[in-house]
Amino acid sequence: MTTNPILGTLCFVAGGFCGAFFPVVLRRVKGWSYESGWLLYSLFGMVLLPLGLTMALVPNWTAVLSSVPRETVLRCAGFGVVWGFGGLTWGLMIRYLGVGLGLAIGCGLCSSIGTLLPPIVSGHAADLVKDTRACAVLAGVAGTLVGIVFVGLAGHRKSRELTSEQARRAVADFDFGKGLWIALFSGIASAGMNFGLQTGGAFERAALEVGTAWQWRGLPVQLTVLCGGFLVNAAYCLLMNFRSGTYRDYRGPFANVFFASLAGVVWGMVATFLKMGEPLMGEMRYISFAVVMAGMVLFSTLFGVVLGEWRGTRPRTRLILSTGILVLIVSFTVMAAFK
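Presented here is an overview of the structure given in this document.

The rules behind each value
- Residues numbered from 1 in each chain as written.
- Predicted model: local features only at pLDDT ≥ 70, side-chain atom pairs only at ≥ 80, totals over all residues.
- Heavy atoms only, no water.
- Helix = DSSP H or I, 4+ residues; strand = E, 2+ residues; numbered from the N terminus.
- Contact = heavy atoms within 4.5 Å.
- Areas by Shrake-Rupley, 256 points an atom, 1.4 Å probe, with all protein chains shown as cover.
- 1 Å grid on protein atoms, 1.4 Å probe; cavity = no way out; pocket = protein on both sides within 12 Å on 5 of 7 lines; lining within 4 Å.
- Points joined across faces, edges and corners; volume = space filled by probe spheres on them.
- Nonpolar A, V, L, I, M, F, W, Y, C, P; charged D, E, K, R; others polar.
- Expected span 1.5 Å × (residues − 1).
- Buried < 20%, exposed > 50% of the residue type's maximum accessible area, 1.4 Å probe, protein only.
- Phe/Tyr/Trp six-rings, centres within 6.5 Å; stacked < 30°, edge-to-face > 60°.
- Core = buried A, V, L, I, M, F, W, Y, C linked by side-chain atoms within 4.5 Å.

Now for the overall build of the protein chain. Summing up its helical and strand segments, the protein chain has 14 helices and zero strands in all. A separation of at least 24 residues holds for 87% of the contacts in the protein chain among residues at least 6 apart in sequence. Here the protein chain displays about 14,200 Å² of accessible surface, and carbon together with sulfur accounts for 68% of that area.

Our next topic: empty space enclosed by the protein. To locate leftover empty space, one rolls a probe as large as a water molecule over the atoms. Inspection of the entire model under this criterion finds one cavity of 30 Å³ or more. For the largest cavity, the lining is made up of 14 residues, of which W83, W90, S190, W267 and M296 are closest to its centre. Those elements that provide at least two residues to the lining of the largest cavity are α1 (5-26), α4 (70-97), α12 (254-277) and α13 (288-306). Tallied by class, the residues present in the lining of the largest cavity amount to 11 nonpolar, three polar and no charged.

Relative to the helices and strands, V146 resides in helix α6 (residues 132-161). Put simply, V146 and G324 are 178 residues apart on the chain and 7.5 Å apart in space, counted from C-alpha to C-alpha.

This brings us to α4. Taking 1.5 Å of rise per residue, 28 residues should cover 40 Å, and α4 covers 40 Å from first to last C-alpha, within 8% of that figure. Directly after α4, the chain includes G98, whose backbone phi takes a positive value near 90°.

Moving on, we get to helix α10 (residues 201-209). Every α-helical turn comprises 3.6 residues, leaving residues that sit three or four positions apart pointing alike. Where α10 is concerned, the buried positions are A202, F203, E204, A206 and A207. Where α10 is buried, its residues touch α3 (61-67), α4, α9 (192-198), α11 (219-244) and α12. A positive backbone phi angle near 95° is found at G211, which sits one or two residues after α10.

Applying the stated criterion across every chain yields a total of 13 aromatic pairs. When the ring of F22 is compared with that of Y41, the centres are 5.1 Å apart and the planes differ by 10°; the resulting orientation is stacked. Of the two residues, F22 is situated in helix α1 and Y41 in helix α2 (residues 34-57); the sequence distance between them amounts to 19 residues. Here F79 and F195 contribute two aromatic rings whose centre-to-centre distance is 5.2 Å and whose plane-to-plane angle is 40°, an arrangement assigned as tilted. One end of the pair, F79, is in helix α4; the other, F195, is in helix α9, and 116 residues separate them in sequence.

Another aspect to go through is the nonpolar core. Note that soluble globular proteins tend to have their nonpolar side chains buried in a common cluster. Of all hydrophobic cores here, the largest spans 71 residues; its most connected members are F22, L26, W38, Y41, M46 and W267. Sort the elements by how many residues they give to this core and α12 lands first, with 10 residues. For W267, the contacting residues outside a window of four places in its chain are F22, Y41, G45, M46, W83, M193 and L226. One finds L49, V58, A206 and A207 within the second-largest nonpolar core, a separate group that totals seven residues.

Worth remembering: the numbers are spatial, not functional.
The structure is reproduced here in structure tokens:
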């Protein structure tokens with residue numbers, strides 16, 4: 001097929017929007033414990049949506065899954081488990097830092113790790129500096145780390161400037177120190193998703209052999225990786241449900257069931273858009289993850305401003321935040337422009 005970087009980038013931007021919007025939907029779940037809303041979100045986003053898409057769009061999908069070598073299945077599912085720990089704490093990161101600050105730090109780390117390590121562990125580390133284009137991508141990754149420093153500094157200043165009442169009015173459980181440590185872990189572990197998706201080429205080849213359209217060839221590996229992540233999330237949520245008696249949450253109200261499930265569907269489209277856009281990117285498809293993260297940072301910042309998460313901070317703090325976000329976006333743009 002012919003590459004089309006513009007169309008591919010639009011797919012990634014759409015994925016970034018979904019990744020930034022799902023926490024906004026999840027915030028509509030009221031009166032439930034964290035684990036109850038997160039379990040329904042995980043079920044729909046990590047199992048039901050990718051399974052439904054695979055069944056509908058991949059001919060003879062069971063044969064595709066069974067034809068892939070077992071070690072490949074286990075490797076992709078294993079990376080999914082690693083990502084599952086990151087995904088589980090991703091929600092906690094947003095809970096303590098808010099949509100704007102949380103996603104900026106988490107996405108920046110996730111982008112850097114997820115972009116650099118796949119070519120390194122696959123034995124293609126030299127490709128990172130093989131030409132001008134590759135060096136530009138590396139510079140973009142370095143830029144994301146600089147952006148994280150600025151955003152983190154803004155968050156630290158925010159925690160000192162706002163009164164407890166102001167901070168919690170925007171983010172109910174705001175705690176910069178706790179949120180930062182969770183963000184560091186979550187951002188690094190969440191890069192496991194890209195590892196799993198990038199090492200599942202056998203799934204994609206098998207899907208194409210049975211007549212799957214090129215844009216849907218990544219669905220089987222997406223399903224495998226996300227199911228690995230679901231195991232971690234479901235185990236934690238069910239454990240907490242039974243330890244604290246919050247399993248009663250599932251009796252209703254219907255609005256909570258609806259919004260938690262909808263949040264899962266919205267988030268599930270992140271990986272779908274990512275795999276749709278990858279074939280359009282050519283030989284440097286591995287940086288697609290960074291472009292998706294760019295979209296998350298951009299839209300999450302806008303959502304954070306709209307939701308009032310930075311209201312009450314000083315102009316200098318907002319300037320530092322804006323600088324960090326700008327550095328992140330420019331860095332992601334550089335990586336995308338040189339693909």
